[in-house]
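Examination of the molecular architecture
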Amino acid sequence: MDIDEHNDEIRSCTRCRLSENRTQAVPNQGDPDADVMLVGKMVGYADDDVGLPYQGEAGNILDHVLENAGVTRDDVFLTNLTRCYPPESRNPRTDELDRCASYFERELDIVDPDVIVALGKLVAERLLGRDVSVEEEHGTRHTYNTLTYRGEVFVTYNVGAATYEAELRDVIADDIAAALGSV
Ligand code: SF4
């Protein structure tokens, strides 16, 4: 399956309750041959409206971070563990993450990135399968193997956190620059 067929399947997905309130599903964005995949936990309010991940203020911060590292969205692959906007921006629930997980697994097969950047605690814990303190572990890299994928996970903060904690912008920028510099 190629990325367009994959994205079409996501756009029509009704596997979980998050399909009931969305304006549209938001599959992913960027280069399906990218070396670096950035993974968030969920679709945001503005993403739901536009149909692309990381819009609004968090998206502006991410674009600035990428620009400072010398790349754009077109040079990386942006995705989320869930693809439909949760009511009132609540966190995705475990059963919703479980039902959406096969889309992420398929993206690992299609993109086959060298490095995955886990944007925030929920994503890092989901990928690494253990408790993660982002305060203590941001900027660190970890082996990440599944049955069909071998690579590394870099841990950093959720970009959304930098919309209300401005000092995190430089931290996230340094972490993402390190991940980009490792490939
Ligand atoms: S969040 Fe994922 S599993 Fe749930 S409806 Fe959207 S695409 Fe399907």
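Details of the structure are given in the entry above.
Residues numbered from 1 in each chain as written. Predicted model: local features only at pLDDT ≥ 70, side-chain atom pairs only at ≥ 80, totals over all residues.

**So, helix H7 (residues 168-181)**
- Counted at 1.5 Å a residue, the expected span for H7 with its 14 residues is 20 Å, and the 20 Å between its end C-alpha atoms agrees.
- Leu168, Ile172, Ala173, Asp175, Ile176, Ala179 and Leu180 are the residues of H7 that are buried. Each buried residue of H7 lies within a common arc of 170 degrees when the element is viewed along its axis, so the set occupies one face. Away from the buried face of H7 by more than 90 degrees, exposed residues Asp170 and Gly181 are located. (Helix = DSSP H or I, 4+ residues; strand = E, 2+ residues; numbered from the N terminus. Expected span 1.5 Å × (residues − 1). Buried ≥ 20, exposed ≤ 12 C-beta atoms within 10 Å, placed from the backbone. Arc of directions from axis to C-beta.)

**A word on unusual backbone geometry**
- You will see that Ser89, though not glycine, has its phi angle at about 60 degrees, which is positive.
- Residue class for Ser89 comes out exposed when judged on the 12 C-beta atoms lying within 10 Å of it.
- Residues other than glycine seldom take positive phi values, yet Asp112 does so here, at roughly 45 degrees.
- Checked against the element boundaries, Asp112 lands in the loop between helix H4 (94-111) and strand S4 (115-119).

**Some remarks on the site of the ligand**
- What surrounds the ligand is a group of 14 residues, the closest being Cys13, Cys16, Ser19, Cys84 and Cys100.
- It is H4 that provides the largest number of residues to the shell around the ligand, a total of 3 residues.
- Partitioned by chemical class, the residues of the shell around the ligand number 7 nonpolar, 3 polar and 4 charged. (Near = placed C-beta within 6 Å. Nonpolar A, V, L, I, M, F, W, Y, C, P; charged D, E, K, R; others polar.)

**Describing the pairing of strand S5 (residues 141-145)**
- Here S5 runs beside strand S6 (residues 150-156); their pairing, made up of 5 bridges, is antiparallel. Within S6, the residue paired with Asn145 across the bridge is Arg150.
- The hairpin formed by S5 and S6 contains 4 residues between the paired strands. (Pairing = 2+ DSSP bridges.)

**Some thoughts on the sheet that holds S5**
- Ordered in space as S1-S3-S2-S4-S6-S5, the 6 strands form an open sheet in which the pairing is mixed. In the strand order of this sheet, the two ends are held by strand S1 (28-30) and S5, each with one partner. Going from strand to strand, the sheet's axes swing by 25 degrees on average, the running direction of each strand aside.
- Here 5 bridges tie S4 to S6, and the two strands are oriented parallel to one another. Its bridge partner being in S6, Ile116 is matched across the sheet by Val153. (Axes fitted to C-alpha atoms, helices over the stretch in contact; angles between N-to-C directions.)

**What to know about the packing of helix H3 (residues 56-68) against H7**
- Closest axis-to-axis distance for the H3/H7 pair is 9 Å, and the angle between their directions is 50 degrees. The angle between the axes of H3 and H7 places the two elements in the oblique class. Our pair here, H3 against H7, has a crossing hand that is right-handed. In this structure, H3 contributes Ile61, Val65 and Asn68 to the contact, and H7 contributes Arg169, Ile172, Ala173 and Ile176. (Parallel < 35°, antiparallel > 145°, perpendicular 65-115°, else oblique. Left-handed = near helix turned anticlockwise from the far one by under 90°. Contact = placed C-beta atoms within 7 Å.)

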